[in-house]
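Take a look at the letters that make up each chain.
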Amino acid sequence: MRRWLFALLLASGPAWALSDPAEQLPDPTQEQRARALGRELRCLVCQNQSIEDSDAELARDLRRIVREQVAAGRSDGQVMSFLHDRYGDFVLLRPPVNAGTALLWATPVLALGAGALLVLGLRRRRTAAAPAALSAAEQARLAELDRLP
Amino acid sequence: MSEATPNPWRRRALLGLPLLAAGGAGLGFWAMLRGLGTGSYDPHGVPSALLGKAPPEFALPAPAGSDLPALAAADLRGGLARPVLVNFFASWCVPCVIEHPQLMALKRQGVPVFGVAYKDKPADALGFLARRGNPYTRLAADEPGRVAIDWGLYGVPESYLIDRQGIIRWRWAGPITEDTVAADLGPLLRRYSA
């Protein structure tokens, strides 16, 4: 029984909210475009899902708007700016680069830079910790050891 | 044994760095918590893209059976006698019940409050107002919820303050409480009434 349930779970696959065929556009290439756009747009109700994944009513309305505009032949940029005009940067899952998001976008570079500095520092210390030259007494003792059978 | 003696300042800096980072993070966290408490920081809040702009172009019908005038963008253009509060609500919305007494109080103070019933059946919206009292001087119905999207609405209740020149000055997503009126809406109304 449990195995059956597990198989069923596997078979169900990703639970796309957009399972309602009535929502989809008849033209598959347009539907593809609408989906790609929808995945870039944040659902403002659940906030960590795209409108394509969300089951919220507002997300459904926004999906419908995206599909209407795609079907009407509007470009990707026009569709995105339609929603950006109404909901601001928040609706974009990929935040734009501006003064407010500069630190966010710079974080990977800063982290990489800090890591590089750390590695360089550690390497320099390793070379600095190279063994000091042997003193005369040590050299004599080592020579003595070498002579032992 | 020949470990190079490390620079004491370097050691101190290496020890201090994590402390400094932790201190900085703690300070940032404290600021966030304080902001959450005072309401100045809301990680879930969607800032309105319409602040400082005129409301979008729209014309909504009155809900069937209502005897109040409907609402269109033309009613919110400049030359208003007083600043106006546009309130999106629904009879199915619980926080709308919470804020309702505040809207009634605003009405008693003479603030024009225009209502938009969002995704609500006309009979339900009118029933809600008949039961609890009607704070609105204009009442429109946005049953498909499309005009609401032009306003950037993402939930009900949501309220927009329009100044006398017809510019959106303030947006409040969530119920208007006594605190909201005392801290934000009251002072804003006084400022924009002048």
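For the structure itself, consult the block above.
Residues numbered from 1 in each chain as written. Chains lettered and ligands numbered in written order. Predicted model: local features only at pLDDT ≥ 70, side-chain atom pairs only at ≥ 80, totals over all residues. Heavy atoms only, no water.

1. A word on the interface of chain A and chain B
Okay, step 1: Counting from both sides, the interface comprises 22 residues of chain A and, opposite them, 20 residues of chain B.
Okay, step 2: The junction of chain A with chain B conceals about 1600 Å² of combined surface from both sides, 51% of it contributed by carbon and sulfur atoms.
Okay, step 3: Contact with chain B buries surface across chain A, with A:Arg86, A:Tyr87 and A:Phe90 losing the most and accounting together for 31% of the total.
Okay, step 4: Linking chain A with chain B are four salt bridges, by the criterion used here.
Okay, step 5: The closest approach of N and O atoms between A:Arg86 and B:Asp150, which form a salt bridge, is 2.8 Å.
Okay, step 6: There are five residue pairs in polar contact (both at pLDDT 80 or more) connecting chain A and chain B.
Okay, step 7: The set of elements that each furnish at least two residues to the side of chain A that touches chain B consists of helix 3 (57–71), helix 4 (76–87) and helix 5 (102–128) of chain A. (Contact = heavy atoms within 4.5 Å. Buried area = accessible area lost by both parts, 1.4 Å probe. Salt bridge = Lys/Arg side-chain N within 4 Å of Asp/Glu carboxyl O. Polar contact = N/O pair within 3.5 Å; in protein donor to acceptor, adjacent residues only side chain to side chain. Helix = DSSP H or I, 4+ residues; strand = E, 2+ residues; numbered from the N terminus.)

2. What to know about the pairing of strand 7 (residues 168–173) of chain B
Residue and element names in this part refer to chain B.
Okay, step 1: Across five bridges, the pairing between strand 6 (residues 158–162) and strand 7 is antiparallel. Paired with Ile162 across the two strands is Ile168, which belongs to strand 7.
Okay, step 2: Adjacent in sequence and paired antiparallel, strand 6 and strand 7 are bridged by five residues, among which Gly166 carries a positive phi angle near 85 degrees. (Pairing = 2+ DSSP bridges.)

3. Structural notes on the pattern of salt bridges
Okay, step 1: Going through the model one piece at a time under the given rule, you end up with 15 salt bridges over all chains.
Okay, step 2: Residue B:Lys119 is joined to A:Asp61 by a salt bridge in which the shortest nitrogen-to-oxygen separation is 2.4 Å. One end of the pair, B:Lys119, is in the loop between strand 4 (113–118) and helix 3 (122–132); the other, A:Asp61, is in helix 3, on a second chain. Here B:Lys119 and A:Asp61 have matching classes, each one buried.
Okay, step 3: Here B:Arg146 ties to A:Glu68 by a salt bridge, and the two come within 2.7 Å at their closest N and O atoms. (Buried < 20%, exposed > 50% of the residue type's maximum accessible area, 1.4 Å probe, protein only.)

4. Examining a nonpolar patch on the surface
Residue and element names in this part refer to chain B.
Okay, step 1: Taken together, the side chains of Phe29, Met32, Leu33, Leu36 and Tyr41 present a nonpolar region at the surface, about 480 Å² in accessible area.
Okay, step 2: Along the chain, the position of Met32 falls in helix 1 (residues 8–38).
Okay, step 3: The exposure class of Met32 is partly exposed, given its relative accessible area of 37%. (Patch = residues over 30% accessible without salt bridge, like charges linked within 9 Å, V, L, I, M, F, W, Y side chains within 5 Å. Areas by Shrake-Rupley, 256 points an atom, 1.4 Å probe, with all protein chains shown as cover.)

5. Thoughts on the environment of B:Pro43
Okay, step 1: Structurally, the position occupied by B:Pro43 is in the loop between helix 1 and strand 1 (59–60).
Okay, step 2: Sequence separation between B:Pro43 and B:Met32 is eleven residues; the distance between their C-alpha atoms is 9.3 Å.
Okay, step 3: Residues contacting B:Pro43, with those up to four places away along its chain left out, are A:Gln47, A:Phe90 and B:Leu36.

6. Section: the sheet that holds strand 3 (residues 84–89) of chain B
Residues and elements named next belong to chain B.
Okay, step 1: With respect to topology, five strands assemble into an open sheet ordered 5-4-3-6-7, the strand pairing being mixed. Each having just a single partner strand, strand 5 (138–142) and strand 7 make up the two edges of the open sheet. On average, each strand axis in the sheet is inclined to that of its neighbour by 15 degrees, with strand direction left out of account. (Axes fitted to C-alpha atoms, helices over the stretch in contact; angles between N-to-C directions.)

7. Looking at the pairing of strand 5 of chain B
Residue and element names in this part refer to chain B.
Okay, step 1: The element strand 5 is extensively covered by neighbouring structure, given that four of its five residues are classed as buried.
Okay, step 2: Summarising the sheet, strand 4 and strand 5 pair through five bridges and their orientation is parallel. Its bridge partner being in strand 5, Gly115 is matched across the sheet by Leu139.
Okay, step 3: At this point the chain moves from strand 4, through helix 3, to the parallel strand 5, and the crossover so formed is right-handed. (Right-handed = clockwise from strand over helix to strand, strands pointing away.)

8. A closer look at the environment of B:Gly110
Residue and element names in this part refer to chain B.
Okay, step 1: Its location among the elements puts Gly110 in the loop between helix 2 (94–108) and strand 4.
Okay, step 2: A relative accessible area of 36% means that Gly110 is categorised as partly exposed.
Okay, step 3: When the C-alpha positions of Gly110 and Cys93 are compared, they lie 25 Å apart, and in sequence the two are 17 residues distant.

9. Focus: the packing of aromatic side chains
Okay, step 1: Summed over the entire model, instances satisfying the criterion amount to eight aromatic pairs over all chains.
Okay, step 2: Ring centres of B:Phe58 and B:Trp151 lie 5.7 Å apart, and the angle between their planes is 70 degrees; on these two criteria the pair is classed as edge-to-face. With B:Phe58 in the loop between helix 1 and strand 1 and B:Trp151 in the loop between helix 4 (146–150) and strand 6, this pair connects stretches of sequence that are 93 residues apart. Each of the two residues, B:Phe58 as well as B:Trp151, counts as buried.
Okay, step 3: Ring plane angle 65 degrees and centroid distance 4.9 Å describe the contact between B:Trp151 and B:Tyr160, whose orientation is recorded as edge-to-face.
Okay, step 4: On the accessibility criterion, B:Trp151 (1% relative accessible area) is buried.
Okay, step 5: Look at B:Tyr160 and you get buried, because its relative accessible area is 0%.
Okay, step 6: Directly above the ring of A:Phe82 sits A:Arg86, whose terminal nitrogen or CZ lies 3.6 Å from the centroid.
Okay, step 7: Over the aromatic face of B:Phe114 sits the side chain of B:Arg138, whose NZ or CZ is 5.7 Å from the ring centroid. (Phe/Tyr/Trp six-rings, centres within 6.5 Å; stacked < 30°, edge-to-face > 60°. Lys NZ or Arg CZ within 6 Å of the ring centre and 35° of its normal.)

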